[in-house]
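Reading the structure
Given next are the chains, with one letter for each unit.
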Amino acid sequence: MKNNIVLRRLEISGVVQGVGFRPFLFGLARIHDLMGQVSNTAGGVLVLVEGPRDALDCFARDILEKPPRLSRITGIKSQDIPVQGFSSFKIVKSGETRLKNTLISPDVSICADCLAEMKNPKDRRFEYPFINCTNCGPRYTIIQDVPYDRPKTSMKHFQMCGDCQKEYDTPLDRRFHAQPNACPVCGPRVYLTDNKGNKLDKGPEDALVQAANFLKQGKILAVKGLGGFHLAVDAGNTRSVATLRQKKQRPDKPLALMAGAASMLSDYVYLDEKENKLLHSFHRPIVLLEKKKEDTGLCPSLSPGNNNLGVMLPYTPLHYLLLEKGPDILVMTSGNRPGEPLAINNEDALDAFAHIADYFLFHDRDIYFGADDSITRIQAGKQRFIRRSRGYAPLPINLHRELPPVLGCGAGLKSTICLTRNRNAFLSQHIGDLDNPKVYQFYTRTIDHMKKILGIEPVLVAHDLHPGYMSTDYAKSLKNPGLIHVPVQHHHAHAVSCMAENHIDEPVIGLTLDGTGLGTDGHIWGGEILICTPEKFLRKAQLSYFPMPGGDAAILEPWRMAAAILFKAYGSGFLDLDIPFIKSIDPQKLSFLCQMMEKNLNSPLTSSVGRLFDAVSSLLGICHGISYESQAAMELEAVAANLKPETNMAYSFNLIETQKKGLPYYEVDMMPCIREIVKQLQQRASPENICHGFQVTLVDAFVAAAFRVGFDTGIKKIVLSGGVFNNNFVLKHSVLKLEKKGFTVYSHTQVPTGDGGLCLGQVLIAAAQNPRKKTPDLRKI
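Residues numbered from 1 in each chain as written. Predicted model: local features only at pLDDT ≥ 70, side-chain atom pairs only at ≥ 80, totals over all residues. Heavy atoms only, no water.

The ten strands lie next to each other as S6-S13-S7-S8-S12-S9-S11-S10-S14-S15, forming an open sheet whose pairing is mixed. Edge positions in the open sheet fall to strand S6 (190–194) and strand S15 (382–387), since each of these has one partner strand only. Taken over all neighbouring pairs, the strand axes of this sheet differ in orientation by 35° on average, direction set aside. Pairing between strand S8 (residues 229–234) and strand S12 (residues 329–334): five bridges, direction antiparallel. Looking at S12, one finds that Val-233 is bridged to Val-331. Docked against the sheet, helix H6 (residues 238–248) engages S8 and S12, running at close to 145° with respect to S8. (Pairing = 2+ DSSP bridges. Helix = DSSP H or I, 4+ residues; strand = E, 2+ residues; numbered from the N terminus. Axes fitted to C-alpha atoms, helices over the stretch in contact; angles between N-to-C directions. Contact = heavy atoms within 4.5 Å.)

Given below as structure tokens:
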């Protein structure tokens, strides 16, 4: 029998730390009567398992077929080595190593077992706001370094009591080596203060009761959560919501909601099976759901000018307790100063929004790294990210080939960064708009932190072509010996990010529609059809250029873009048009803008579809000035969605064929559409019909251009990327119409289609643009 005994060494990589993987292996070893040991390493988990070969094979099969819920296995290296004669199976202490190749779990919502214990009056963790186990709780936001052991987390300050230590040390316990393990005796505690920092409660239980009562009374409560602070208020209290908006200087941007249960949402939003599943997933993102009607008991100003509500379910024990003792549905908006990152420590929170919150519900467990709530929706039958952050970061995107260590620095807005290791691309949590100094500081800290915990030192750094982005400044400031800097055109990065997550290498057509990206000709692009591979791209079609009077000011004031498209369509004669838009804007301002465009003063040219949406939104009187990004376009989409059209109404457009370097080139001219819209405005047509017709025409125009490019090149694969594809109608109908034209269509499901996913494309392009590699000549395609 001894001759059949084998010792097998298994190196398991992936998300295998902090998710109950070692206890799982301990249990499997007992089931199969095997001996040996298991330990965490910087690369994942190392198992030495000894026993009969058949039993070892069953053990290995069960690892793949029955892994813990939160784990994610990316590789198993197996090797038979000389037998050592183990007499038991043990979980041993993690070894120290300089290599850091493990994958880190994101923060995950409270599990059903912990929730049941928290609600059980006989359990020692009854109503304990920090209950957790290996299947749930904080991860990424409390990790200081790897391997993921308690001394390297923010729980190092809390020494476990005897009962917790026993759980922690018992291999078959659900809390075996659960690094945040704690209870009311030994763990973190909540406490309540006023907005001057004066403590108000008699203990943690009293703090929760008082906090919930303050919410019922309409007060604004700052709540320290998993990845930062929220500002909470009763979602049914119109006056309180208005006060929150006024104090936070957030007049229009939709506010996120947290409901105690999905059943509480039935009067307010439509919820299908896929949306319900996403809402209940352990990632617990904010899910955009279609509103039913305004007069339902919730405050009507939660998402003005928008047909959706952003809703999430509670994901921490503290959230459940607040919703149980307080209002059923809360506004839970980010706790930060306008434009700044989430506050993560108590002193900063008091300093940042004591003028907003009436009371603060603090706790004493440190947050090492902030993470905003993720935002998702179901579009065209699939999950799409608007923001990929808490619950998902830093899980990697799996690549179809190995890359060297690369840093992708992202863009300027909705910034994220990406680091690569072998076949993994690690995207950071949402960082924000880098023009704010504190956001930029958070950006640099995020890069340093991720490099540290992932053990990645880049040899290539990719950055946007735009010299004015802070991300570009950061990349250029890196002077490491041998580091290669690779500037990447914005829309090429968009297209390749979609190629990356869909594992495509061969040439594709890239349809990229967004707001802003510097082109290789010095103009502002944003309505592009490219032929591209990761190495190169060739621009084959575009939206015809039109001016942006005032430059960046035109982004904040869409009425400028409305004047610009009228000037493009009618010249200076647009000032005499008999339409409501001309009558609603100061004539001196319009005249001044007209002179700017005539003289080409501070009026850069753009091919941006995002700016075209802004223009039409203002032209129809929907939105002349914005208080948050993409507001004008989102409000136009909402107006169009109110229409249930009897016919598929569309306007005219021109597809102009020219030549560039001897090859066919196309321009999408939307001025016929604009002139027809003006005629309808003169006839007082409904905004709903016009919005719908504009969206139909836009999709038809770019589908026609893509078809011509496909016909010229023979390419039948097309990738869709850019923030305009957050528009439900544009995405759905682009996919349907392109497929009818014979294209295989790829879109984003793993990273945001907007600038939050851009860094993924950057790293692939940088890796592909190796000067020693021969790249294809796209002009011959």
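We are not done yet, so read on.
Further remarks concern the sheet that holds strand S18 (residues 418–427). The strands that make up a sheet pair up through hydrogen bonds in the backbone, lying either parallel or antiparallel. If you walk across this open sheet you meet the five strands as S16-S18-S17-S19-S20, and the pairing is mixed. Looking along the sheet, the strands with just one partner apiece sit at the ends: strand S16 (396–403) and strand S20 (484–488). Each strand axis lies, on average, 30° off the axis of its neighbour in the sheet, ignoring direction. As paired elements, S16 and S18 share four bridges and run antiparallel to each other. Bridge pairing in S18 links Ile-397 to Ala-425.

With that settled, consider the packing of aromatic side chains. Applying the stated criterion across every chain yields a total of 16 aromatic pairs. Relative to Tyr-359, the ring of Phe-214 has its centre 3.7 Å away and its plane inclined at 5°; by these criteria the two rings are stacked. Taken together, the residues Phe-214 in helix H5 (residues 204–216) and Tyr-359 in strand S13 (residues 359–363) connect sequence positions 145 residues apart. With respect to class, Phe-214 is no different from Tyr-359; both count as buried. Among the aromatic side chains, those forming a connected cluster through ring pairs are Tyr-191, Phe-229, Phe-353, Phe-360 and Phe-362. Note that Arg-390 overlies the ring of Tyr-315, its terminal NZ or CZ placed 3.6 Å from the centroid. Between the NZ or CZ atom of Lys-741 and the centre of the ring of Phe-707, over which it lies, the distance is 5.0 Å. (Phe/Tyr/Trp six-rings, centres within 6.5 Å; stacked < 30°, edge-to-face > 60°. Buried < 20%, exposed > 50% of the residue type's maximum accessible area, 1.4 Å probe, protein only. Lys NZ or Arg CZ within 6 Å of the ring centre and 35° of its normal.)

Moving on, we get to the environment of Ile-81. With respect to the helices, strands and loops of the structure, Ile-81 is situated in strand S4 (residues 72–81). C-alpha separation for the pair Ile-81 and Val-6, spaced 75 residues apart in sequence, amounts to 7.6 Å. Excluding anything up to four places from it in sequence, Ile-81 contacts Leu-7, Arg-9 and Leu-48.

The next point concerns the environment of Ile-367. The topology assignment puts Ile-367 in the loop between S13 and strand S14 (375–379). With a relative accessible area of 8%, Ile-367 lands in the buried category.

Inspection of the entire model under this criterion finds zero disulfides. Cysteine Cys-111 remains unbridged, with the sulfur of Cys-133 as its closest cysteine sulfur at 3.6 Å. (Disulfide = S-S within 2.5 Å.)

Within the largest apolar cluster, 94 residues are counted, with the highest numbers of intra-cluster contacts made by Leu-25, Val-47, Phe-59 and Leu-361. Tallying contributions element by element places helix H10 (residues 437–454) first for this core, with seven residues. Leaving out residues up to four positions away in the same chain, Val-47 has contacts with Arg-8, Arg-9, Leu-10, Ile-12, Leu-25, Gln-37, Val-38, Phe-59 and Phe-89. Core analysis: the next-biggest nonpolar cluster, separate from the first, contains 75 residues, Leu-577, Phe-613, Met-671 and Phe-694 among them. (Core = buried A, V, L, I, M, F, W, Y, C linked by side-chain atoms within 4.5 Å.)

Our focus in this paragraph is the packing of helix H14 (residues 558–570) against helix H19 (residues 671–682). Two elements in contact, H14 and H19, have axes separated by 9 Å at closest approach and are oriented at 105°. In terms of orientation, H14 lies roughly perpendicular with respect to H19. For the pair H14 and H19, contact is made by Ile-565, Leu-566, Lys-568, Ala-569 and Tyr-570 and by Met-671, Ile-674, Arg-675 and Val-678, respectively. Class assignment of the residues belonging to the contact of H14 with H19 gives a composition of seven nonpolar, no polar and two charged. (Parallel < 35°, antiparallel > 145°, perpendicular 65-115°, else oblique. Nonpolar A, V, L, I, M, F, W, Y, C, P; charged D, E, K, R; others polar.)

Structurally, Asp-194 is set in strand S6. Although Asp-194 is buried, it makes no salt bridge; Lys-196 carries the closest opposite charge, 6.0 Å away. Setting aside residues up to four positions removed in sequence, Asp-194 forms contacts with Leu-200, Leu-350, Asp-358, Tyr-359 and Phe-360. (Lys, Arg positive; Asp, Glu negative; His and termini not counted. Salt bridge = Lys/Arg side-chain N within 4 Å of Asp/Glu carboxyl O.)

On to helix H21 (residues 728–740). Taking 1.5 Å per residue, 13 residues should reach 18 Å; H21 reaches 18 Å between its end C-alpha atoms and fits that length. Those residues of H21 that fall on the buried side of the exposure criterion are Phe-729, Val-730, Leu-731, Ser-734, Val-735, Lys-737 and Leu-738. Regarding H21, its N-cap is Asn-727, as a side-chain oxygen of that residue lies 2.9 Å from the backbone nitrogen of Phe-729 further along. The positive-phi residue at the C-terminal boundary of H21 is Gly-742, with phi of around 95°. (Expected span 1.5 Å × (residues − 1). Polar contact = N/O pair within 3.5 Å; in protein donor to acceptor, adjacent residues only side chain to side chain.)

This part takes up helix H20 (residues 687–713). End to end, H20 covers 39 Å across 27 residues, agreeing with the expected 39 Å (1.5 Å per residue, within 8%). A positive phi of about 80° marks Gly-714, the residue just after H20.

Turning next to unusual backbone geometry. That bond from Ala-393 to Pro-394 is cis: its omega, 5°, falls within 30 degrees of zero. Looking at where Pro-394 falls in the secondary structure, it is placed in the loop between S15 and S16. The phi dihedral of Ser-630 is positive, around 70°, even though this residue is not glycine. Of note, Lys-661 is a non-glycine position whose phi angle comes to about 55°, a positive value. Along the chain, Lys-661 turns up in the loop between strand S26 (654–660) and strand S27 (663–669). Classification of Lys-661 as exposed rests on a relative accessible area of 80%.

Along strand S23 (residues 537–543), five of the seven residues are buried, which leaves the element largely enclosed by surrounding structure. Two strands pair when backbone bridges link them, and strand S22 (residues 524–532) and S23 are joined in this way by five bridges, in the antiparallel orientation. Of the residues in S23, the one forming a bridge with Ile-529 is Ala-541. Remark: four residues form the turn of the hairpin made by S22 and S23, two consecutive strands paired antiparallel. Sheet topology places S23 next to S27; three bridges connect them, and they run parallel.

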